Number of protein chains: 2
Amino acid sequence: MGSGRPTIHDVAARAGVSKSLVSLALRGSPRVSEESRAAILAAAADLGYRPNAAARSLAVRRSRTVGVLILDLHNPVFPEILDGVQDALRTNGFSTMLVTGGSDPALQQSEVESLLQFQVEGLILISHRLAPEVLRAIAAEVPTVVVTRSDVPGTRIDTVSNDDLVGAGLAVDHLVALGHRRIACLSGGDNPVSRARVQGYETAMERHGLGRLVRTVPGGLTDTAGHDAARSALGTGTGPAPTALFVANDMAALGAVAAVQELGLRVPDDVSVVGYDGIAMGGLRSVDLTTVAQPLGEMGETAARSLIHRIEHPRARARHVTLTPRLAVRGTTAPVAAAGS
Amino acid sequence: MGSGRPTIHDVAARAGVSKSLVSLALRGSPRVSEESRAAILAAAADLGYRPNAAARSLAVRRSRTVGVLILDLHNPVFPEILDGVQDALRTNGFSTMLVTGGSDPALQQSEVESLLQFQVEGLILISHRLAPEVLRAIAAEVPTVVVTRSDVPGTRIDTVSNDDLVGAGLAVDHLVALGHRRIACLSGGDNPVSRARVQGYETAMERHGLGRLVRTVPGGLTDTAGHDAARSALGTGTGPAPTALFVANDMAALGAVAAVQELGLRVPDDVSVVGYDGIAMGGLRSVDLTTVAQPLGEMGETAARSLIHRIEHPRARARHVTLTPRLAVRGTTAPVAAAGS
DNA sequence: CACGATCGTTGGAACGTTCCAACAGGGAAA
DNA sequence: TTTCCCTGTTGGAACGTTCCAACGATCGTG
């Protein structure tokens, strides 16, 4: 007593009832008389009583908390997914414990470890870098949902991702409809997501009878990677320059736009650029990037709902949800210039 | 046993020792014999034992966890502060519990409430919207540090912020050195931070003998607010147009850049623009915004260190740290055009 | 008028950990 | 030999909550 936070015992003593009744009353049980309830509530308010979540979770053996591991808060894609996650969790009475592990797999693993020590009931991994066997071991202990990647083996792990093949097709369709034919693809490097986007691009080009004009330039997922890839795509010596660029993600697309401008060309008059992701920043007036927008918030919500389902039905089979992206047409695409340059 | 996670008792049974000795061994006490230690470690590994943080925190009455409330993960300033916070906390053996409350004060309060239920030992508020009396009540219960705002009353709350007056001065000095005289300020609206930046602008203008040319245009902290404010600043009818804009933050500055271009003017040839904050996105090639950069990571680290100090010395007085920003000169500022337009 | 049912209330056990006082055994000192 | 002190180990209490079996009082019913 006295020292430290007030406990349920202190409230009981002040209200003149037993600790059990306080517990009942505070959780809104109907079988508590009106007077007792009023006295207890008053006592709790007087003392500034606040339930101890650690003690509760110990007693009920449930923490009502889920852990979220996020790769990198700097890439604006992730906060938007997170919004959806938190909304859905909150409305279902779960708390969120958020950690970031950077891109270091070991650090990520230790962060997940500490989430598990806190007895989280489930895990949402927003774009992790964990080794497959580590991931599998984790998923064996606690329901796990992976967002953004769908290359996860095993049936104990739910996944939520967007359909990169369809998305890349949307971009190509849009450009073709604007009259473009020489459409280059700046790839995002050697990871499953980027590979799928490149493949979607190639398939769509074939579908439009442009298979011979397929041109994929190796790149990466950052600003500078996009910049460099665009320079090499537009560089001289390799036949006629492309009139449009499909870039693996928005960050790289922004770099590509800068490169185009540095080369003395205009976007979109001389070269159209389409990104991928739909980050909010792409919608800023001074950026105004045409892009394939993933339903980021919806992906987050879906992930949270899948997880809750698995928590409530531990024997349920894993679900793999693929959502469909949509094209956001903005200012970096335009009909192909009348005269070939 | 059997069902659920293995506990310290299971480990003890398997290693053939008492639970107390397991506890000792796992925490690395020197007074455990080598054989016992080895047997215990082996048993723990076999069972996949993981300590229960809730039970520990109940027993030792310390959670070794700090709560972090972040206003908005979408504004890129905050993740960068957060990086510094997490680094410093991690190296001092604290876990982080991160929540976001959006801009709704009630929601923020309930998120803080749930942090307190988890028995966090301290709180870092990265730009909150809590009412002063709520804030004070919270700080009375648990050590609290506020980052970004320095207008907090009471001596029980530490603050970490940057010196907005000096920062605004840096921007004005830079523009004046480039030959600009008609420098307008696009304000960030009615909040303490924005007011300080405007005041710093005015003071600096006076200092350069440009007091008569002070011109403050009401604006806000978003892309569109900056856009609209820039349009009205550059609009006709109010004497000669400014040749440079000092904008309350980077997001608004990006909107201002877009507005300048829409008006058929070039940045920086016709109009120079300086932002404030130093978000990473401002450094992207296609953006390349000159700005007053706050030492964001350092602010986060300082906040974490202040908090840890207060946790370890509960009677310590609150510290109010003000860090100095630096100017990042990039592509949106240039010498004033030779001929007045 | 005794009986069981209902209502509101209660103490004790449990959750998994840490801490503390106390233990046995062996060696050194008396 | 007895005493004392180490070293390594142990059981029980505590942390703050929830759950459960059981309590006494009041009520209606036969």
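Computed from a predicted model, the values in this text were never measured in an experiment. (Residues numbered from 1 in each chain as written. Chains lettered and ligands numbered in written order. Predicted model: local features only at pLDDT ≥ 70, side-chain atom pairs only at ≥ 80, totals over all residues. Heavy atoms only, no water.)

**A short note on the relation of the copies chain B and chain A**
Between the two copies, chain B and chain A, the superposition gives an RMSD of 0.2 Å; the rotation angle is 180° and the shift along the axis is 0.1 Å. Put plainly, the chains are arranged around a two-fold axis. For chain B, the residue whose C-alpha comes nearest the rotation axis is Ala 54 of chain B, separated from it by 2.3 Å. A high fraction, 100%, of the interface residues of chain B reappear at the interface in chain A, so the copies pair face to face through one surface. (Least-squares fit on C-alpha atoms with pLDDT ≥ 70 in both. Contact = heavy atoms within 4.5 Å.)

**Quick word on the protein's contact with DNA strand C**
In the vicinity of DNA strand C there are 26 residues, among which Lys 19 and Ser 36 of chain A together with Ile 8, Ser 23 and Tyr 49 of chain B approach most closely. The share of sugar and phosphate among atoms of DNA strand C within 4 Å of the protein is 67%. Within the backbone of Ser 18 of chain A, a nitrogen or oxygen atom sits 2.9 Å from a phosphate oxygen of DNA strand C. At a separation of 2.7 Å, a phosphate oxygen of DNA strand C approaches a polar side-chain atom of Arg 27 of chain B. Broken down by element, the surface near DNA strand C gets its largest block of residues, 4 residues, from helix H4 (residues 53-60) of chain B. Looking at the surface near DNA strand C residue by residue, the class counts come to 11 nonpolar, 9 polar and 6 charged. (Near = heavy atom within 4 Å. Polar contact = N/O pair within 3.5 Å; in protein donor to acceptor, adjacent residues only side chain to side chain. Helix = DSSP H or I, 4+ residues; strand = E, 2+ residues; numbered from the N terminus. Nonpolar A, V, L, I, M, F, W, Y, C, P; charged D, E, K, R; others polar.)

**With respect to the interface of chain B and chain A**
One widely used convention gives an interface's size as the accessible area the parts lose upon coming together. Contacts between the two partners involve 43 residues from chain B and, on the opposite side, 43 residues from chain A. Across the interface of chain B and chain A, roughly 4,400 Å² is buried in total on both sides, 54% from carbon and sulfur atoms. Connecting chain B to chain A are 8 salt bridges. For Arg 90 of chain A, the salt bridge goes to Glu 111 of chain B, with nearest N and O atoms at 2.2 Å. Where chain B packs against chain A, one counts 20 residue pairs in polar contact (both at pLDDT 80 or more). Listing elements by their share of the side of chain B that touches chain A, those giving two or more residues are H4, helix H5 (77-91), strand E2 (95-100), helix H6 (105-117), helix H10 (223-234) and helix H11 (250-262) of chain B. Taken together, the residues of the side of chain B that touches chain A break down into 18 nonpolar, 13 polar and 12 charged. (Buried area = accessible area lost by both parts, 1.4 Å probe. Salt bridge = Lys/Arg side-chain N within 4 Å of Asp/Glu carboxyl O.)

**Quick word on the pairing of strand E6 (residues 183-186) of chain B**
Residue and element names in this part refer to chain B. Residues Ile 183 and Cys 185 line one face of E6 and the alternating positions Ala 184 and Leu 186 line the opposite face, and both faces are buried. Sheet analysis places E6 next to strand E8 (residues 244-247), joined by 4 bridges and oriented parallel. Following the sheet pairing, Cys 185 is matched in E8 by Phe 246. Judged from the 3 bridges that link them, E6 and strand E7 (residues 215-217) form a sheet pairing that is parallel. Directly across from Leu 186, in E7, lies its bridge partner Val 217. (Buried < 20%, exposed > 50% of the residue type's maximum accessible area, 1.4 Å probe, protein only. Pairing = 2+ DSSP bridges.)

**Digging into the sheet that holds strand E12 (residues 326-328) of chain A**
Residue and element names in this part refer to chain A. Across the sheet, which stays open at both edges, the 6 strands sit in the order E7-E6-E8-E9-E10-E12 with mixed pairing between neighbours. Of all the strands in the sheet, the pair left with one neighbour each is strand E7 (215-217) and E12. Each strand of the sheet is rotated relative to its neighbour by a mean of 25°, with strand direction disregarded. (Axes fitted to C-alpha atoms, helices over the stretch in contact; angles between N-to-C directions.)

**As for the protein's contact with DNA strand D**
Residues in contact with DNA strand D amount to 27 residues; listed here are only the nearest, Ile 8, Ser 23 and Tyr 49 of chain A together with Lys 19 and Ser 36 of chain B. The sugar-phosphate share of atoms of DNA strand D within 4 Å of the protein amounts to 66%. Lys 19 of chain B places a side-chain nitrogen or oxygen 2.6 Å from a base oxygen of DNA strand D. Side-chain polar atom of Ser 36 of chain B to a phosphate oxygen of DNA strand D: 2.5 Å apart, as the coordinates give it.

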